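Take a look at the letters that make up each chain.
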Amino acid sequence: MRYSQYFLITTKETPAEAETVSHQLMLRAGMIRKVATGIYNYLPLGLRSIRKMEQIVREEMDRSGAIELHMPMVVPGELWRESGRWEKYGKELLRFKDRKDAEFCLGPTHEEVVTDIIRNLVRSYRQLPLNVYQIQTKFRDEIRPRFGLMRGREFIMKDAYSFDMDDTGANLAYQKMYDAYCRIFERCGLKFRAVEADSGAIGGSSSHEFMVLAESGEDAIVSCDSCHYAANVEKAELLFREVGTPQPSEELRKVATPDQRTIEEVAAFLNIPPARLVKTLVVRTDAGEVLAVLLRGDRELNEIKLCHVLNCNAVEMAPEEVVREVTGAPPGFAGPVGLKVKILADNEVRGLADFVTGANEEGFHLMGVNNGRDFSVAQWGDLRIASAGDPCPRCEGGHLEMWRGIEVGHVFKLGTKYSAALKATVLDENGESVTPIMGCYGIGIGRTVAAAIEQNHDENGIVWPMALAPFQVLVTAINPNQENIRTAAEQLYADLQAAGIEVLYDDRDERPGSKFKDADLIGIPLRITVGDRGLKNGEVELLERRGGVKTMLPVAGAASRVAEMVREALR
RNA sequence: CGGGGCGUAGCGCAGCCUGGUAGCGCACCUGCCUUGGGAGCAGGGGGUCGGAGGUUCAAAUCCUCUCGCCCCGACCA
């Protein structure tokens, strides 16, 4: 591609709308342009990287035995009613009506549609196992889209769905996808980890998330420093180690703590560490039940774990009037002693004695509080968020480290949630109806490309891994108006193309400085500079974007040498 | 949804407080010049100042409403 003929507009200044590096660089490099919140144009350069990603995914999915198809983006509401998700999915599901007033939605995921296909077309166990996938534009009306392609409302996703006759088959399908995902992200040149995850709104029994490690990641993950355990913090289990019931040594007493509401304030006021406090959170479930949760003062509630314990879909912090009603005090002074509602407590609280809690009275806290003597807990459980240094739940002696990551892929075992809801059945070898067991597997295409930039950039721009680079080689003619330079550059361009290399040829009548700045910004892995300096010795200069290594190559063998380097990088 | 901020040329911004014929840098166009890290000179085009209403002789500027965008929060008692 000749740069002068291409549609590539870069900017020197960083657009004000962008916060994260990948977003800024994708805008500046002319890869994307915003149309509306969370909705983007893919400009030619950006589309090339997107297509690269899609192709890698396609190849690895095909290799794993999955079969590509394509489902509609516009989905009848009726199918979503059948699964029950029309009511459950919430505002992320963009709904609308057609001219006949029939309900539709933009598909945020396609379990319903794919299950509909299977129940209509698959009759016999002989047709299974089956794993079908598509690469498609999805729409989720996110609460807060941000970071460019990282969290858009409209985005490109690869979604795959497996159908098996039994658990053994389903587990095998899951493992195949897990392996395929590892190959995909390895081919992209990304540093990533597969972590245990909560299966969330999609449902199902177990799942792994594929996390690209990056400081700017929206997710926190933990991993063990001595074994292979890794999990999303939402999921990370914590061991309960029986420490025996601690003996109270203090009397219960009330202390004035005027205007001291937060853990930090109370701890500072009483001059004790936050870990000596027990916080009492008044929560309300989506079913309307109000209860209290106790946690050590320096810990945080894991709402997902709490939901699992309570068997509900969501919990929220109770609004102030509810807190007042339940505790008799404004927020900031809640405590378990004398509380009217059911009390749940994190396992860790079992080992505490003589702690501090709110007094359920404005301006007062209690000291010397003890479980059993002063109040009783209805239910114990693992309710808190893991933190760095917690013991590993899987091995002896290991401790958890914390990372930040970007979720680029997710694999789920779904069980029969959708196949049962949509009454998909096939006949087994005995002629019995069996509900197939499903799995679903997603990869965020645009998000992976953005994550690759988060992980591969420097102060001058993007440093593409070869596999995702929009072009593999950039040929820069220092001065295309100069006969010998143009001739040599054109020849190199032709030779590289003939060798099957994706090459961008900067033939613009611009000053070298601008061309070099653009080159760094768009981050093509290999840059060949053709100018007088080298040509007088019959050479051109090769610059590797990553590492900045410069090598002089003889003009004659340059194309084949560079072509070989590209192939080497893709191996 | 709550809080904060911003909408002025394609991009980045000033002007607004204190109303008086809309500016700067980059980009773009023409010409000259220049060609190894975003050159220089000269000339030029481009804006219903997000939208609607109001106040005023006069509104980018003041008032009201509205739309859009960005950030934070929606997890702590």
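Attention here is on the structure that accompanies the text. (Residues numbered from 1 in each chain as written. Chains lettered and ligands numbered in written order. Predicted model: local features only at pLDDT ≥ 70, side-chain atom pairs only at ≥ 80, totals over all residues. Heavy atoms only, no water.)

**Some points on the layout of surface pockets**
And then number 1: In this structure, the second largest pocket encloses a volume near 470 Å³.
And then number 2: Taken together, 22 residues line the second largest pocket, and the ones lying closest to its centre are Pro465, Met466, Ala467, Ala569 and Leu570.
And then number 3: Elements with a minimum of two residues in the lining of the second largest pocket: α2 (44-63) and α15 (555-570).
And then number 4: The greatest single-element share of the lining of the second largest pocket, amounting to 4 residues, is contributed by α2.
And then number 5: Of the residues assigned to the lining of the second largest pocket, the class counts are 12 nonpolar, 3 polar and 7 charged. (1 Å grid on protein atoms, 1.4 Å probe; cavity = no way out; pocket = protein on both sides within 12 Å on 5 of 7 lines; lining within 4 Å. Points joined across faces, edges and corners; volume = space filled by probe spheres on them. Helix = DSSP H or I, 4+ residues; strand = E, 2+ residues; numbered from the N terminus. Nonpolar A, V, L, I, M, F, W, Y, C, P; charged D, E, K, R; others polar.)

**Some remarks on the sheet that holds strand β19 (residues 364-369)**
And then number 1: Pairing within the open sheet is antiparallel, and its 3 strands lie in the order β13-β19-β18. Edge positions in the sheet fall to β13 (253-256) and β18 (355-361), since each has one partner strand and no second. Mean inter-strand twist for the sheet, computed between neighbouring axes without regard to direction, equals 35 degrees.
And then number 2: Across 4 bridges, the pairing between β13 and β19 is antiparallel. Its bridge partner being in β19, Lys254 is matched across the sheet by Leu366. (Pairing = 2+ DSSP bridges. Axes fitted to C-alpha atoms, helices over the stretch in contact; angles between N-to-C directions.)

**Notes on the side chain of Asp506**
And then number 1: One can find Asp506 in strand β28 (residues 503-506).
And then number 2: On the basis of relative accessibility, which here comes to 1%, the residue Asp506 falls in the buried class.
And then number 3: Within the structure, the side chain of Asp506 is placed 2.9 Å from the side chain of Arg508, a separation counted as a polar contact.
And then number 4: Residues within four places of Asp506 in sequence aside, it is in contact with Tyr3, Leu474, Val475, Thr476, Ala477 and Lys515. (Buried < 20%, exposed > 50% of the residue type's maximum accessible area, 1.4 Å probe, protein only. Polar contact = N/O pair within 3.5 Å; in protein donor to acceptor, adjacent residues only side chain to side chain. Contact = heavy atoms within 4.5 Å.)

**Some thoughts on the packing of aromatic side chains**
And then number 1: Summed over the entire model, instances satisfying the criterion amount to 12 aromatic pairs.
And then number 2: Measuring from ring centre to ring centre gives 6.2 Å for Tyr181 and Phe185, while their planes differ by 90 degrees; the resulting arrangement is edge-to-face. Of this pair, Tyr181 and Phe185 both sit in helix α6 (residues 167-187), 4 residues apart, roughly one helical turn. Each member of the pair, Tyr181 together with Phe185, is buried.
And then number 3: Feature note: the residues Tyr178, Tyr181, Phe185, Phe192 and Phe210 constitute an aromatic cluster, connected by ring pairs. (Phe/Tyr/Trp six-rings, centres within 6.5 Å; stacked < 30°, edge-to-face > 60°.)

**Notes on the sheet that holds strand β17 (residues 343-346)**
And then number 1: Strand order in the open sheet formed by 5 strands is β16-β14-β15-β17-β20, with mixed pairing between adjacent strands. Looking at the sheet topology across the chains shown, the edges are occupied by β16 (315-317) and β20 (379-381). When the angles between neighbouring strand axes are averaged without regard to direction, this sheet yields 35 degrees.
And then number 2: As paired strands, strand β14 (residues 278-285) and β16 are joined by 3 bridges and run antiparallel to one another.

**Focus: the protein's contact with RNA strand B**
And then number 1: Taken together, 46 residues are adjacent to RNA strand B, and Arg144, Met317, Asp520, Arg533 and Glu541 come closest.
And then number 2: Counted by atom, the contact set of RNA strand B within 4 Å of the protein is 47% sugar and phosphate.
And then number 3: Contact between RNA strand B and Ile263: a sugar or linking oxygen at 3.3 Å from a main-chain N or O atom of the residue.
And then number 4: Note that a base nitrogen of RNA strand B is positioned 3.1 Å from one of the backbone N or O atoms of Leu301.
And then number 5: At the level of secondary structure, the elements contributing two or more residues to the surface near RNA strand B comprise β1 (32-36), β14, α13 (512-522), β29 (526-530) and α14 (532-535).
And then number 6: Counting residues per element, the surface near RNA strand B draws most heavily on α13, at 7 residues.
And then number 7: Tallied by class, residues from the surface near RNA strand B come to 15 nonpolar, 11 polar and 20 charged. (Near = heavy atom within 4 Å.)

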